[in-house]
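What follows is the residue order along each chain.
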Amino acid sequence: MSELALYPVGLFFVLSAFHFARSRIDSRAAARFTCYGTALLGAALLVLAPPTVGAVQDTGMPVLAVLVIVLGDGLRDGAAAAMRLLAPALREAATGHATGHATGRVLSEPLRREVRGGLALLAGVLGLRLALITAAAPGLTGGDLVVGPTLSARLALAGYTAVGMLHTTVCLTALLRELVRRARAAGPGRLGTGLRLLTGGLVAGLLWNAWSVDDVLRAAVTGSQDGPEDLQCAVLGGLCATLIAAGLGSTLWPAATGAVRGWLRAHRRYRALTPLWRDLHTVLPEIALDPARHLPLPPRDPRFALYRRIIEIHDARLILRQHLDPRAAQWLDGATRRFPPPSAHAAATAEAAALAAALELAAAGAEHRPADAPEATAPATLDTMDGEADHLAQLARVYATCPAVAEVRTRARAERARAQVAQGALR
């Protein structure tokens, strides 16, 4: 299982690259170099994972396995170069914000010079490492790169590893200085915490890179070194990825947790309206905007479902204005003497009782409210959906649980039954 440890680390960096590719960071250059760096590093880890190298080695072509290792090292060099270019991109972004100039997709001339210099350095490093590995002419024995017993071959292999290690150290150090400076400027808070965690991730990356000193010494002394990444590298890479994820999460998690809280809040409000909506829909099925909707199933988008349910309840309240029973106020007056509601719920109790009585009248088939019924006003609506949802949730709760409302409903139902019996006798 330890041989598979690099795969989740590599996949984390690859997926992070997709995030930065779609990022809306103001500095497109910073997002671009971060995307390049994480993508190349993730690809390098996937290529250098022991199972990948072992699978190529099992094809019976050891030279091809060596080329895979060289390819993985080259991808890691490219990742280091991209991380180095991230430092001037961050400086330019900070300068642009300070001066009020936006940082767009077109690179500025100073940043272009940095990019040209970084690419020239990367080309030199790749060329030198390719020359050294060609001079060493290593083979692959087990999981180790092995060269001949000559001093030149051992030094060439050691130089190949040392050049890559020094290049990565220079690049990560340049970015580390910039992150430390920005973390100090940010001070306490979410941004400062994220930058400090990212700084810790880079320190772990430097330790990860420093592990190559062992390979340099082994190559110079014994003529062999680890080909694919080993378990220690996987542990340091995992620590680096964890700290980077925590640094990114310090700014991404609040948005994510806010979205989850909003989803749960909308779902809870949606369910709170169910008792009232069910009774209204039973008597007035025409209010349903989605007749195919099955009530027991949870909504895919609870916020949209909540918005729709609010509209449906509001439509039902408007329809029920013509079914108001003038006796509901008298029934509620008597019921509240027996079951006095809290003063904070007085208005909701009155509205719920009127709705309950009107529903019974509507269920009886009355199409118009009696002439002596009081003039009804339009249901009150609030400015925001959240406010309206909270108001209706309280109304639904009182409608379903208040004993006074239940007594008004019972009186209205009894009156409806008496009226139906009387109407049947007349027929």
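Residues numbered from 1 in each chain as written. Predicted model: local features only at pLDDT ≥ 70, side-chain atom pairs only at ≥ 80, totals over all residues. Heavy atoms only, no water.

Chemist: Would you mind showing me how to read the pattern of salt bridges here?
Modeler: When the charged atoms of two side chains lie near each other, side chains of opposite charge can form a pair. A complete count under the given rule lists 11 salt bridges for this structure. For R317, the salt bridge identified is with E351, shortest N-O distance 2.6 Å. Linking R317 in helix α11 (residues 302-319) with E351 in helix α13 (residues 346-363), this pair joins segments that are 34 residues apart in sequence. With a closest N to O distance of 3.2 Å, E407 and R338 form a salt bridge. With E407 in helix α15 (residues 403-426) and R338 in helix α12 (residues 328-338), the pair connects residues that are 69 residues apart, well separated along the chain. According to the relative accessible area criterion, R338 is exposed, its value standing at 57%. Here the salt bridges do not stand alone but share partners, grouping D73, R76, D77 and R129 into one network. (Salt bridge = Lys/Arg side-chain N within 4 Å of Asp/Glu carboxyl O. Helix = DSSP H or I, 4+ residues; strand = E, 2+ residues; numbered from the N terminus. Buried < 20%, exposed > 50% of the residue type's maximum accessible area, 1.4 Å probe, protein only.)

Chemist: Quick question: what am I supposed to make of the packing of helix α10 (residues 274-283) against α11 here?
Modeler: When two helices pack together, their arrangement is captured by the angle between the axes and the distance separating the axes. With their axes 10 Å apart at the nearest point, α10 and α11 run at an angle of 50° to one another. Comparing their axes, α11 and α10 come out oblique. α10 and α11 meet at a crossing whose hand is left-handed. Only R309, E312, I313 and A316 of α11 make contact with α10, whose side of the interface consists of T274, L276, W277 and L280. (Axes fitted to C-alpha atoms, helices over the stretch in contact; angles between N-to-C directions. Parallel < 35°, antiparallel > 145°, perpendicular 65-115°, else oblique. Left-handed = near helix turned anticlockwise from the far one by under 90°. Contact = heavy atoms within 4.5 Å.)

Chemist: Which parts of the structure should I look at to understand α11?
Modeler: Each full turn of the α-helix corresponds to 3.6 residues, which orients residues three or four apart in the same direction. When the terminal C-alpha atoms of α11 are compared, their 25 Å separation across 18 residues agrees well with the 26 Å that a helix rising 1.5 Å per residue should span. Three or more residues of α11 are buried, namely P302, A305, L306, R308, R309, I310, E312, I313, H314, A316 and R317. (Expected span 1.5 Å × (residues − 1).)

Chemist: Looking at this structure, I do not really get unusual backbone geometry. What am I missing?
Modeler: Residues apart from glycine generally show negative phi values, whereas peptide bonds are mostly found in trans. Here A137, not a glycine, exhibits a phi torsion of approximately 50°, which is positive. In this structure, A137 sits in the loop between α5 (109-136) and β1 (139-141).

Chemist: Can you walk me through the packing of aromatic side chains in this structure?
Modeler: To describe a pair of aromatic rings, you give the distance between the ring centres and the angle between the ring planes. Counting across every chain of the model gives 1 aromatic pair. A ring pair is formed by F33 and Y36, whose centres lie 6.5 Å apart and whose planes are at 70°; its orientation type is edge-to-face. Of this pair, F33 and Y36 are both found in helix α2 (residues 28-48), 3 residues apart, which corresponds to roughly one turn of the helix. Classification of Y36 as partly exposed rests on a relative accessible area of 45%. Lying across the ring of W277, R309 places its NZ or CZ 4.4 Å from the centre. Over the face of the ring belonging to Y399 we find R409, whose NZ or CZ atom lies 4.6 Å from the ring centre. (Phe/Tyr/Trp six-rings, centres within 6.5 Å; stacked < 30°, edge-to-face > 60°. Lys NZ or Arg CZ within 6 Å of the ring centre and 35° of its normal.)

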